[in-house]
Amino acid sequence: MNKNVAIILRSIVAIIGGYALSALLSIYLTYSFVHLLHINKGVAVLTASMMSYVAFFILFISSFAVSNIVRWLISCTLIIALAAVSYTHLRAHETREDL
């Protein structure tokens, strides 16, 4: 693979994938902290945001550290899709209980 293409793919994974992962993780963790651990909503949002920043930076750094970017891109896509599906599943159970 061309070196410039590899850098562009790594940048896309780092920026867009990191943002998507951190946004989903922040929402998921906030919901979990409030409903499972019964933490105050403000504290839960701040804690989840800080934890999602750590996940963003881990994904950002590791996207430039891996040797095979295509395999890494597929793995990141699967992780983000799994996080979105699990959050949707979590919300479906919440609305069913509230009815």
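Bear in mind that the values here come from a model prediction, so they are computed numbers and not experimental data.

1. Considerations on the overall build of the chain
- Check the secondary structure of the chain and you find three helices and zero strands.
- In sequence order, the chain lays out its α and β elements as α-α-α.
- For the chain, the residues scored as buried account for 28% of the 99 residues in total.
- Put simply, 70% of the contacts in the chain that link residues at least 6 apart link residues at least 24 apart.
- Surface accessibility of the chain: about 6,900 Å² in total, with carbon and sulfur atoms responsible for 73%.

2. Here's the deal with the packing of helix α1 (residues 3–35) against helix α2 (residues 41–65)
- Running from N to C, α1 and α2 cross one another at 155°; their axes reach a closest spacing of 7 Å. Between α1 and α2, the interaxial angle falls into the category roughly antiparallel. Our pair here, α1 against α2, has a crossing hand that is right-handed.
- Classifying every residue of the contact of α1 with α2 gives 19 nonpolar, 10 polar and two charged.

3. Structural notes on unusual backbone geometry
- At H38, a residue that is not glycine, the phi angle is positive and equals roughly 55°.
- H38 sits in the exposed class, given a relative accessible area of 67%.

4. Quick word on α2
- Between its first and last C-alpha atoms α2 spans 36 Å; for 25 residues at 1.5 Å apiece the expected length is 36 Å, and the two agree.
- Listed in full, the buried residues belonging to α2 are A44, A48, S49, S52, A55, L59, S62 and S63.

5. Things to note about the packing of aromatic side chains
- Scanning the model with the defined rule gives three aromatic pairs in all.
- Taking the centre distance of 5.5 Å and the plane angle of 70° together, the rings of F56 and F57 count as edge-to-face.
- Considering the side-chain rings of F60 and F64, the 5.8 Å spacing of their centres and the 55° angle between planes classify their relative orientation as tilted. Placement of both F60 and F64 in helix α2 is noted, with a separation of four residues, approximately one turn of the helix.
- For F60, a relative accessible area of 31% gives the class partly exposed.
- One aromatic cluster is present, formed by F56, F57, F60 and F64 through successive ring pairs.

6. Section: the side chain of R10
- Here R10 is to be found in helix α1.
- When residues no more than four places from it in sequence are discounted, the contact partners of R10 are S63, F64, A65, V66, S67 and I69.

7. Regarding the nonpolar core
- Membership of the largest hydrophobic core is limited to seven residues, which are V13, L21, L24, A55, L59, C76 and I80.
- For this core, the elements supplying multiple residues, two or more each, are α1, α2 and α3 (69–98).
- Considering each element in turn, this core owes the most residues, three residues, to α1.
- Apart from the residues lying within four places of it in its own chain, the contact partners of C76 are V13 and L59.

Here is what the cut-offs are and how they apply
- Residues numbered from 1 in each chain as written.
- Predicted model: local features only at pLDDT ≥ 70, side-chain atom pairs only at ≥ 80, totals over all residues.
- Heavy atoms only, no water.
- Helix = DSSP H or I, 4+ residues; strand = E, 2+ residues; numbered from the N terminus.
- Buried < 20%, exposed > 50% of the residue type's maximum accessible area, 1.4 Å probe, protein only.
- Contact = heavy atoms within 4.5 Å.
- Areas by Shrake-Rupley, 256 points an atom, 1.4 Å probe, with all protein chains shown as cover.
- Axes fitted to C-alpha atoms, helices over the stretch in contact; angles between N-to-C directions.
- Parallel < 35°, antiparallel > 145°, perpendicular 65-115°, else oblique.
- Left-handed = near helix turned anticlockwise from the far one by under 90°.
- Nonpolar A, V, L, I, M, F, W, Y, C, P; charged D, E, K, R; others polar.
- Expected span 1.5 Å × (residues − 1).
- Phe/Tyr/Trp six-rings, centres within 6.5 Å; stacked < 30°, edge-to-face > 60°.
- Core = buried A, V, L, I, M, F, W, Y, C linked by side-chain atoms within 4.5 Å.

These figures come from the coordinates and say nothing about function on their own.
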